[in-house]
Amino acid sequence: QVQLVESGGGLVQAGGSLILSCTASGRGASNVNMGWFRQTPGKEREFVVTLTQSGNPVYEDSVKGRFTLSKDGARNTVFLQMDSLEAEDTAVYYCAGGRLPVLFRQRVDYWGQGTQVTISS
């Protein structure tokens, strides 16, 4: 099966930047649609961004203009560039993959282990 391994979480000041990465491995990894969700205590896991099958990113409204998703297809890796970070961005971020663009949880077939992103002020 496909495995997703993510990294890059940490502590950053409000207004700062952070980059998360996620690499897919295993049979079929090159065909997995990849994106990101995030979750805070007591809330459901929330969609952040995904690549569509055409390669264009789709963003949740609150991160538009601040987050940028890119892909290194040769290495089955996606990068989430997060700029102008706010306290509200604090969450555990989960890499997600699926046979269809992972626009919502019901489409996710594979999850990464999660990485903590904390914004301080």
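Scope of this entry: the structure provided in the associated data block. (Residues numbered from 1 in each chain as written. Predicted model: local features only at pLDDT ≥ 70, side-chain atom pairs only at ≥ 80, totals over all residues. Heavy atoms only, no water.)

In this structure, L11 sits in strand β2 (residues 10-13). Classification of L11 by relative accessible area gives exposed; the value is 64%. Along the backbone, L11 and T90 are 79 residues apart, and their C-alpha atoms lie at a distance of 9.2 Å. (Helix = DSSP H or I, 4+ residues; strand = E, 2+ residues; numbered from the N terminus. Buried < 20%, exposed > 50% of the residue type's maximum accessible area, 1.4 Å probe, protein only.)

This part covers the side chain of R45. Checked against the element boundaries, R45 lands in the loop between β4 (33-39) and β5 (46-51). Buried charge without a partner: R45 forms no salt bridge, and the closest opposite charge is E6, 7.8 Å away. Reaching out from R45, the side chain makes a polar contact with the side chain of Q39 at a distance of 3.1 Å. Ignoring any residue separated from it by four or fewer positions in sequence, one finds R45 in contact with F37, R38, Q39, Y94, R105 and W111. (Lys, Arg positive; Asp, Glu negative; His and termini not counted. Salt bridge = Lys/Arg side-chain N within 4 Å of Asp/Glu carboxyl O. Polar contact = N/O pair within 3.5 Å; in protein donor to acceptor, adjacent residues only side chain to side chain. Contact = heavy atoms within 4.5 Å.)

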